[in-house]
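Spelled out, the chains give:
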Amino acid sequence: MTRRYLLQALLLFGAGLPATMALAADKPFKIGFILPMTGQSASTGRQEEAAVKLFLAQNGSTVSGRKIEVIFKDDAGVAEQTRRTAQELVVNEKVDVLAGFGLTPLALAAAPIATQSKTPMVVTAAATSMITEQSPYVVRTSFTLPQVSASIAEWAAKNRIRKVATLVADYAPGVDAEKFFKNQFQLNGGQIVANLRTPLKSPDFAPFLQRVRDSGPDALFVFLPSGQGATFMKQFAERGLDKAGIRLIATGDVTDDDQLNEMGDVALGVITSHHYSAAHPSPANRKFVDAFQAQSKFRPNFMAVAAYDGMRVITKALEATKGQGGGDALLAAMKGQIFESPRGPVLIDAQTRDIVQDVYIRKVARVEALGGQLYNQEFDVQKQVKDPGKSK
Ligand code: PHB
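What this report covers is the structure whose coordinates are included nearby. All of these numbers come straight from a predicted model, not from anything done at the bench.

### Quick notes on the overall build of the chain
Phase 1: Within the chain, the regular secondary structure consists of 13 helices and 15 strands.
Phase 2: For the chain, the C-alpha radius of gyration of 23 Å lies close to 21 Å, the compact-globule estimate for 392 residues.
Phase 3: Considered along the principal axes of its C-alpha atoms, the chain spans approximately 90 × 40 × 35 Å.
Phase 4: Taken over 392 residues, the chain has a buried fraction of 55%.
Phase 5: At a minimum sequence separation of 6, the contacts of the chain that also span at least 24 residues come to 68%.
Phase 6: Summed over its atoms, the accessible surface of the chain is roughly 16,000 Å², and 53% of this surface lies on carbon and sulfur atoms.
Phase 7: Distance between charge centres in the chain, computed from 45 positive and 38 negative side chains, equals 3 Å.

### Side note on the side chain of glutamine 235
Phase 1: Looking at the secondary structure, you find glutamine 235 in helix H9 (residues 229–238).
Phase 2: Residues contacting glutamine 235, with those up to four places away along its chain left out, are Asp204, Phe205, Ala206 and Leu209.

### Some details on the pairing of strand S14 (residues 355–367)
Phase 1: By the criterion of burial, S14 is predominantly enclosed, with 11 of the 13 residues buried.
Phase 2: As paired elements, strand S11 (residues 271–274) and S14 share 4 bridges and run antiparallel to each other. Within S14, the position partnered with threonine 272 by the bridge is arginine 362.
Phase 3: In this sheet, S14 lies alongside strand S13 (residues 344–348) in antiparallel orientation, the contact comprising 3 bridges. Within the sheet, the bridge partner assigned to valine 346 lies in S14 and is glutamine 357.
Phase 4: Between S13 and S14, which pair antiparallel in sequence order, lie 6 residues; one of them, arginine 353, sits at a positive phi of approximately 65°.
Phase 5: Taken together, the 10 bridges between S14 and strand S15 (residues 373–385) define a ladder with antiparallel strand orientation. Its bridge partner being in S15, valine 364 is matched across the sheet by asparagine 376.

### Examining the site of the ligand
Phase 1: Thr104, Ala127, Tyr171, Ser226 and Asp253 are the nearest of the 14 residues found near the ligand.
Phase 2: The contact in question runs from an oxygen atom of the ligand to an N or O atom on the side chain of threonine 104, over 2.5 Å.
Phase 3: Contact distances for the ligand include 3.0 Å between an oxygen atom and a backbone N or O atom of serine 226.
Phase 4: Calculation on the ligand without its partners gives an accessible area of 280 Å², and the protein chains cover 100% of this total.
Phase 5: A breakdown of the residues in the shell around the ligand according to their chemical character gives 9 nonpolar, 4 polar and 1 charged.

### A short note on helix H3 (residues 42–59)
Phase 1: Its 18 residues place the ends of H3 26 Å apart at the C-alpha level, agreeing with the 26 Å of an ideal helix rising 1.5 Å per residue.
Phase 2: Where H3 is concerned, the buried positions are Ser43, Thr44, Gly45, Gln47, Glu48, Ala50, Ala51, Val52, Leu54, Phe55 and Leu56.
Phase 3: Elements in contact with the buried residues of H3: strand S1 (29–35), strand S3 (66–74), strand S4 (97–100), helix H11 (283–296) and helix H12 (302–320).
Phase 4: Count one or two residues on from H3 and you reach glycine 60, which has phi positive near 80°.

### What to know about the packing of H3 against H12
Packed helices, taken two at a time, are described by the angle between their axes plus the distance between the axes.
Phase 1: Where H3 contacts H12, the two axes come as close as 8 Å, and the packing angle between them is 40°. With respect to H12, the element H3 is oriented oblique. The interaxial crossing formed by H3 with H12 has right-handed handedness. Of H12, the residues touching H3 (which contributes Thr44, Gln47, Glu48, Ala51, Val52, Leu54, Phe55, Leu56 and Gln58) are Met303, Ala304, Ala307, Tyr308, Met311, Arg312 and Thr315.
Phase 2: Taken together, the residues that form the contact of H3 with H12 break down as 10 nonpolar, 4 polar and 2 charged.

### Notes on unusual backbone geometry
Phase 1: The phi angle at alanine 76 is positive, at roughly 55°, despite the residue not being glycine.
Phase 2: Assignment of secondary structure puts alanine 76 in the loop between S3 and helix H4 (79–91).
Phase 3: The phi torsion at phenylalanine 101 lies on the positive side, around 75°, for a residue other than glycine.
Phase 4: Within the secondary structure layout, phenylalanine 101 lies in the loop between S4 and helix H5 (104–117).

### A word on the nonpolar core
Phase 1: The biggest cluster of nonpolar side chains holds 117 residues, and the ones touching the most others in it are Leu167, Leu220, Phe232 and Ile249.
Phase 2: Once residues within four sequence positions are removed from consideration, isoleucine 249 is found in contact with Ile152, Trp155, Ala156, Ile161, Phe181, Ala219, Leu220, Phe221, Val222 and Ile271.

### Here's the deal with the pattern of salt bridges
Phase 1: For the structure on display, the rule yields 19 salt bridges.
Phase 2: Between arginine 84 and glutamate 80 there is a salt bridge, with its nearest N and O atoms 4.0 Å apart. Of this pair, arginine 84 and glutamate 80 both sit in helix H4, 4 residues apart, which is roughly one turn of the helix.
Phase 3: Since its relative accessible area comes to 41%, arginine 84 is described here as partly exposed.
Phase 4: By relative accessible area, glutamate 80 is classed as partly exposed at 38%.

### Topic: H5
Phase 1: Along its 14 residues, H5 runs 21 Å from first to last C-alpha, staying within 8% of the 20 Å computed at 1.5 Å per residue.
Phase 2: A maximum bend of about 30° is found in H5 at alanine 110, where proline proline 112 lies one to four positions downstream.
Phase 3: Turning to H5, its buried residues number three or more, namely Thr104, Leu106, Ala107, Ala109, Ala110, Ala111, Ile113 and Ala114.
Phase 4: Once H5 finishes, lysine 118 follows within two positions and takes phi at roughly 55°, a positive value.

### Focus on the packing of helix H6 (residues 145–158) against helix H7 (residues 172–187)
Phase 1: Direction vectors running N to C along H6 and H7 enclose 35°, while the axes themselves pass 8 Å from each other. The chirality of how H6 crosses H7 is right-handed. Contacts between H6 and H7 pair Leu145, Pro146, Ser149, Ala150, Ile152, Ala153, Glu154, Ala156 and Ala157 from the former with Pro173, Asp176, Ala177, Phe180, Phe181, Gln184 and Phe185 from the latter.
Phase 2: When the residues that make up the contact of H6 with H7 are grouped by side-chain class, the tally is 12 nonpolar, 2 polar and 2 charged.

Analysis parameters
Sequence order as written defines the numbering, with residues in each chain counted from 1. In view of the model being predicted, local features appear only for residues whose pLDDT reaches at least 70, and side-chain atom pairs are presented and counted only at 80 or more, with totals across whole chains, interfaces and linings using the full set of residues. Only hydrogens and water are set aside; all other atoms, that is, all heavy atoms of the structure, feed into the side-chain values. Each helix is a run of H or I in the DSSP string that is no shorter than four residues. Each strand is a run of E no shorter than two, and both are numbered from the N terminus. Here the globule rule reads 2.2 Å times residues to the power 0.38, and the radius of gyration is calculated from C-alpha atoms. Under the scheme applied here, a residue whose accessible area is under 20% of the maximum for its type counts as buried, over 50% as exposed, and between as partly exposed, the area being computed with a 1.4 Å probe on protein chains only. Contacts are residue-level and defined by heavy atoms, with any inter-residue pair within 4.5 Å sufficient. Only the protein chains shown count as covering a residue, and every accessible area follows the Shrake-Rupley method with a 1.4 Å probe. When charges are counted, Lys and Arg are positive and Asp and Glu negative, with His and the chain ends excluded. In this description, the location of a charge corresponds to atom NZ of lysine, CZ of arginine, CG of aspartate or CD of glutamate. DSSP bridges decide pairing: two strands pair if at least two such bridges lie between them. Here a residue counts as near a molecule or strand whenever at least one of its heavy atoms sits within 4 Å of it. In protein, a polar contact means a hydrogen-donor-capable atom and an acceptor-capable atom, both N or O and within 3.5 Å, with residues adjacent in sequence counting only if both atoms are side-chain atoms; elsewhere, any N or O pair within 3.5 Å suffices. All amino acids are sorted into three groups, where Ala, Val, Leu, Ile, Met, Phe, Trp, Tyr, Cys and Pro are nonpolar, Asp, Glu, Lys and Arg are charged, and the leftover types, Gly among them, are polar. Every helix has an expected span of 1.5 Å times one less than the residues it contains. Convention adopted: a line fitted to C-alpha atoms gives each axis, helices being fitted over their contacting stretch, and angles between N-to-C directions are expressed from 0 to 180 degrees. The labels follow the angle: roughly parallel below 35 degrees, roughly antiparallel above 145, roughly perpendicular from 65 to 115, and oblique for the rest. Here is the rule for handedness: rotate from the far helix to the near one, and if that takes an anticlockwise turn smaller than a right angle the crossing is left-handed, while a clockwise turn gives right-handed. Joining through side-chain atoms within 4.5 Å is the link that ties buried Ala, Val, Leu, Ile, Met, Phe, Trp, Tyr and Cys residues into a set, and such a set is a nonpolar core. For salt bridges, the criterion is a side-chain nitrogen of Lys or Arg within 4 Å of an Asp or Glu carboxyl oxygen. By definition, a residue's bend is the angle between the axes fitted to the seven residues ending there and the seven starting there.

And the structure:
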């Protein structure tokens with residue numbers, strides 16, 4: 001008996017099948033998605049989970065013979081919980097890839113664990129420029145605030161807006177947005193009349209909006225993280241800033257597709273810059289949006305598209321390693337990927353591991369062709385924008 005098994009084993013190896021490959025094929029390929037599923041940023045978790053499920057439903061859950069297993073974990077938007085969860089996923093679950101990270105502080109908490117364990121960490125939400133520099137294992141499929149904030153500043157300066165007040169959430173991505181908006185706007189001859197920062201947690205915008213009014217700007221520029229746009233828009237209208245003739249310009253986080261349709265007429269005409277609109281007029285996007293809505297009964301936003309693309313980047317990397325995986329091999333295969341996303345053409349820059357993408361200027365309108373609902377309609381584009389935050 002023993003001799004026969006020995007012979008079989010020798011034949012197997014003699015046929016050129018490395019032991020590691022035989023072992024890897026038996027194990028599922030594990031992706032640990034850490035997201036805020038509860039708390040203030042729960043919409044990010046809901047959007048991303050739906051997108052991951054859609055990707056698997058469309059592409060199947062086997063890649064190069066490996067069964068893909070996605071483990072979703074809720075960190076409630078609390079950094080200490082993200083860190084602990086990342087640790088558990090790496091040590092106990094032995095995940096091949098970490099993914100998600102709904103807010104910048106959550107991504108920062110996990111980055112050292114990615115480095116220590118040599119686990120690729122695919123950031124599908126958080127958008128402060130410096131996140132990719134916190135670990136050589138970080139790859140990003142979302143966007144950066146510098147990437148989208150400069151375009152709207154340029155648009156404003158070219159459209160007779162001379163004086164702007166800025167209002168941003170008071171944490172790293174807000175600081176990025178404020179800085180890159182301000183620099184570009186001043187470079188184009190504009191004047192900044194106030195820089196306001198609102199608390200990240202449960203902000204009351206009323207006192208800030210009063211200060212905006214007092215500073216007498218032509219327009220107010222806003223960045224708030226996904227989930228806060230509707231509350232802000234309501235207070236903007238209640239305080240009568242629109243009636244006072246103050247135009248609203250923002251990054252697309254504010255006119256988030258997740259909430260836009262509930263904002264009502266106050267949102268009409270708001271101009272934003274961003275990398276994704278559910279109304280992006282490409283066949284690939286129509287297919288994505290239709291399938292997403294058929295599955296989930298809500299509209300995908302920029303978080304959903306980043307998670308969907310994150311799954312693409314991860315599974316193509318697994319394919320490139322012929323199902324073998326391994327932290328460094330996966331990372332190498334993620335770098336330089338080029339593909340058509342629902343948002344448009346994208347590239348994972350091999351040097352920075354950050355996403356290069358088109359940035360659109362959009363206007364909120366009621367779109368008859370899309371059921372008379374509110375959408376961000378793209379009317380201008382800046383092609384293949386790299387994160388301008390990296391060289392600073
Ligand atoms: C972030 O915390 O990096 C973040 C979160 C939500 C956004 C943008 C940036 O919409």
